[in-house]
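Letter by letter, the chains look like this.
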Amino acid sequence: LFAARKKAFADNPAVPAELDLVDPDDQVTHDIGLDDDLDSAAHLDTFQPDPEFEANEAKYEIIRNMLLGGGVGGSSDELALRMDTPLAPPTQGDEKHWEGRMPDSATGGRLDSAVGKGKSVHDMTETNLTNLRRTIYLTIMSSVDFEEAGHKLMKIRLLPGEEIELCTMLIECCSQERTYMRYYGLLGQRLCEIDRNFRLFFDDLFARQYGMIHRLETNKLRNVAKFFAHLLCTEALQWSVLAYVRLTEAETSSSSRIFIKILFQEVAEHIGLLAFRDRLAVPEVARHCSGLFPRDTAPNMRFAINFYTSIGLGGLTDELREHLRNLPALVAQQKAVQAARTLDRAPSSSSRSTCSSTFVSSESYDTGDTSSRSSHSRRGDSTSSSSDASGESCSPVR
């Protein structure tokens with residue numbers, strides 16, 4: 001300290017050289033005495049609108065550019081001339097009129113001409129999307145609990161179509177954990193309760209995750225299944241998502257069967273097996289679960305029954321077992337009905353052929369000459385009587 005004092009603080013100047021912008025000749029020193037009468041300018045303590053705000057701002061911009069070098073330069077005479085000349089407001093057809101950006105003259109002509117014409121610029125590098133995902137990830141991982149995370153995520157400004165990125169990042173963070181954390185399920189539940197549109201997003205993501213379930217590792221698969229199981233148990237996600245699943249040997253893989261196993265076991269553990277069965281029996285839900293309990297063929301029914309029994313959820317297959325037990329009788333009954341319909345069609349077709357032949361003979365008899373009619377009067381009487389009799393027998397068929 002004493003050494004710096006001896007040097008008169010040469011190493012620590014009062015004004016650095018890069019900030020000493022005013023020449024000594026242009027500097028004005030204000031000397032104030034303690035006993036002098038000073039104007040306190042109390043009117044400056046209150047806000048008063050400036051009627052010439054734009055003109056004053058333009059003058060300040062000129063002074064700032066003169067001192068700091070911002071592209072609008074000139075000598076002191078030009079500065080005085082610009083400050084004394086009033087600025088006219090820009091007209092509608094003025095080429096220099098601009099909104100929301102700096103003019104090309106102020107930026108040195110670095111702006112693209114296409115942007116100046118009002119054309120939108122699309123970022124094909126997805127830099128904004130990457131930054132959004134980073135922000136969502138840091139928000140989720142740095143929050144203390146799900147309530148704080150939900151509050152922070154709702155403050156993020158999302159453009160239309162970016163809401164699904166929030167749900168995608170939530171599932172991605174959940175799948176990256178070593179073990180499932182209930183924190184992610186509660187956060188997903190909170191998002192669905194805040195905005196019903198998130199239910200549609202999670203519905204779409206359920207279909208996507210199930211479609212690419214064979215690409216996930218066992219640990220990620222387990223975390224994703226438990227996440228969706230939590231949403232189903234808390235009614236945050238509609239049970240109609242089960243319509244995307246069809247449990248047959250041909251349409252499932254080992255990964256998809258593991259996913260269904262963990263999903264159903266987690267739901268049964270949360271709400272109980274009886275409540276789970278009653279929930280699936282509700283008509284609104286049952287019409288979406290036809291793929292989970294197929295009844296089209298006997299092999300598919302046996303496969304579904306064996307699958308649920310092997311994972312400890314055989315109680316869900318009571319109705320399916322009953323249907324499989326009565327399947328032979330139902331098949332025999334359907335065959336009998338089909339045979340009866342075939343027999344009913346055969347007599348009706350023969351009677352129609354008899355009627356048509358009788359009508360043809362009567363028409364040929366009517367077209368004969370008068371002599372044939374007189375000579376065969378008896379035969380005509382008998383023919384007409386027979387045609388009447390046949391007509392009476394054919395009337396019910398008509």
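Residues numbered from 1 in each chain as written. Predicted model: local features only at pLDDT ≥ 70, side-chain atom pairs only at ≥ 80, totals over all residues. Heavy atoms only, no water.

Details of the overall build of the chain
Heads up, the rule is: Where helices and strands are cited, they refer to DSSP runs of H or I of at least four residues and of E of at least two residues respectively, numbered from the N terminus. Each residue's exposure class comes from its accessible area (1.4 Å probe, protein chains only) as a fraction of the maximum for that residue type: buried when under 20%, exposed when over 50%, partly exposed otherwise. Two residues form a contact once any of their heavy atoms are found within 4.5 Å. Using the Shrake-Rupley algorithm and a 1.4 Å probe, accessible areas are obtained, with residue cover drawn only from the displayed protein chains.
Along the backbone of the chain there are 18 helices and 0 strands. For the chain, buried positions account for 27% of its 398 residues. A separation of at least 24 residues holds for 67% of the contacts in the chain among residues at least 6 apart in sequence. Carbon and sulfur atoms provide 53% of the accessible area of the chain, an area that totals close to 27,800 Å².

Section: the state of the cysteines
Cut-off, in case you're wondering: Disulfide assignment relies on a single distance test, namely cysteine sulfur atoms paired within 2.5 Å.
The full count for this structure, using the stated rule, is 0 disulfides. In this structure C167 is a free cysteine whose sulfur lies 7.0 Å from that of C192, the closest cysteine sulfur available. A relative accessible area of 0% places C167 in the buried class.

Some thoughts on the side chain of Q209
Note that Q209 resides in helix 9 (residues 197-211). Under the relative-accessibility criterion, Q209 is labelled buried at 14%. Sequence-distant contacts of Q209, defined by excluding residues within four places in its chain, comprise I171, L216, V224 and F228.

A look at the side chain of E165
Along the chain, E165 falls in helix 7 (residues 163-176). Residues in contact with E165, not counting those within four places in the same chain, are L129, L132, R133 and I136.

A look at a nonpolar patch on the surface
Using the following cut-off: Patch membership requires more than 30% relative accessible area and the absence of a salt bridge. Residues of like charge join within 9 Å; the nonpolar side chains Val, Leu, Ile, Met, Phe, Trp and Tyr join within 5 Å. Salt bridge, as used here: a side-chain nitrogen of Lys or Arg that lies within 4 Å of a carboxyl oxygen of Asp or Glu.
Residues L21, V22, I63, L67 and L68 make up a contiguous nonpolar surface patch of about 430 Å² in total accessible area. In this fold, L68 is placed in helix 2 (residues 53-68).

A closer look at the pattern of salt bridges
In total, this model carries 12 salt bridges according to the counting rule given. Between E193 and R190 there is a salt bridge; the shortest N-O distance is 3.9 Å. Taken together, the residues span about one helical turn, with E193 and R190 both in helix 8 (residues 182-194) at a distance of 3 residues. Across the pair R279 and E235 runs a salt bridge, and its minimum N-O distance is 3.3 Å. You can see R279 sitting in helix 12 (residues 273-281) and its partner E235 sitting in the loop between helix 10 (218-233) and helix 11 (254-271), a full 44 residues away along the chain.

Points about helix 10
Counted only if it meets this: Any helix carries an expected span of 1.5 Å times its number of residues minus one.
Here helix 10 contains 16 residues, and its C-alpha end-to-end distance of 22 Å stays within 8% of the 22 Å for a straight helix at 1.5 Å per residue. If you check which residues of helix 10 are buried, you get L221, N223, V224, A225, F227, F228, A229, H230, L231, L232 and C233. Where helix 10 is buried, its residues contact helix 7, helix 8, helix 9 and helix 11. Two residues or fewer past helix 10, E235 is found with a positive phi of approximately 60°.

Structural notes on the confidence of the model for the chain
Note the following rule: Every residue carries a pLDDT, the predictor's confidence in it, which falls somewhere between 0 and 100.
Summary statistics for the chain give a mean pLDDT of 77 and a share of 73% for residues scoring 70 or more. For the stretch residues 87-117, pLDDT sits under 50, and the model shows 13 contacts to residues farther than four places along the chain or on other chains. Counting contacts from residues 354-398, a segment whose pLDDT is below 50, to residues more than four positions away or on other chains yields 13 contacts.

As for the nonpolar core
The condition is simple: The criterion is simple. A nonpolar core is a set of buried Ala, Val, Leu, Ile, Met, Phe, Trp, Tyr and Cys residues joined through side-chain atoms within 4.5 Å.
In terms of nonpolar packing, the biggest core is built from 70 residues, with F202, F227 and F264 touching the most fellow members. Every residue in contact with F227, bar those within four places of it in the chain, is listed here: L170, I171, C174, Y180, Y184, G185, G188 and F202.

Topic: unusual backbone geometry
Across residues other than glycine, the phi torsion is negative in most instances, and most of the peptide bonds are trans. One non-glycine residue, E126, lies in the positive phi region at around 55°. For E126, the location among the structural elements is in the loop between helix 4 (113-116) and helix 5 (127-142). Of note in this structure, E235 is not a glycine but carries a positive phi near 60°.

Observations regarding the packing of helix 6 (residues 146-155) against helix 8
As a reminder, the rule being used: Helix axes are fitted only over the stretch in contact, all axes being lines through C-alpha atoms; the angle between N-to-C directions runs from 0 to 180 degrees. By the definition adopted for this analysis, an angle is roughly parallel if under 35 degrees, roughly antiparallel if over 145, roughly perpendicular if from 65 to 115, and oblique otherwise. Crossing handedness: left-handed means the near helix sits turned counterclockwise from the far one by under a right angle, and right-handed means the same turn made clockwise. The nonpolar class holds Ala, Val, Leu, Ile, Met, Phe, Trp, Tyr, Cys and Pro. Asp, Glu, Lys and Arg form the charged class, and all remaining residues, Gly among them, are polar.
Running from amino to carboxyl end, helix 6 crosses helix 8 at an angle of 45°, the nearest separation of the two axes being 9 Å. As judged from the angle between their axes, helix 6 and helix 8 are oblique. Here helix 6 and helix 8 pass one another in a crossing that is right-handed. Contacts between helix 6 and helix 8 involve F146, E147, A149, G150, L153 and M154 from the former and Y183, L186, L187, R190, L191 and I194 from the latter. Looking at the contact of helix 6 with helix 8 residue by residue, the classes come out as 9 nonpolar, 1 polar and 2 charged.

Some words on the packing of aromatic side chains
The condition that has to hold: Only Phe, Tyr and Trp rings take part, Trp by its six-membered ring, and two of them pair if their centres are within 6.5 Å. Stacked means planes under 30 degrees apart, edge-to-face means over 60, and tilted covers everything else.
Considering all chains together, one arrives at 13 aromatic pairs under this definition. Ring centres of F264 and F276 lie 5.3 Å apart, and the angle between their planes is 75°; on these two criteria the pair is classed as edge-to-face. Of this pair, F264 sits in helix 11 while F276 sits in helix 12; the two residues are 12 residues apart in sequence, bridging distant segments of the chain. The residues F264 and F276 share a single accessibility class, namely buried. On the basis of an interplanar angle of 25° and a centroid distance of 6.0 Å, the ring pair of F264 and Y308 is categorised as stacked.

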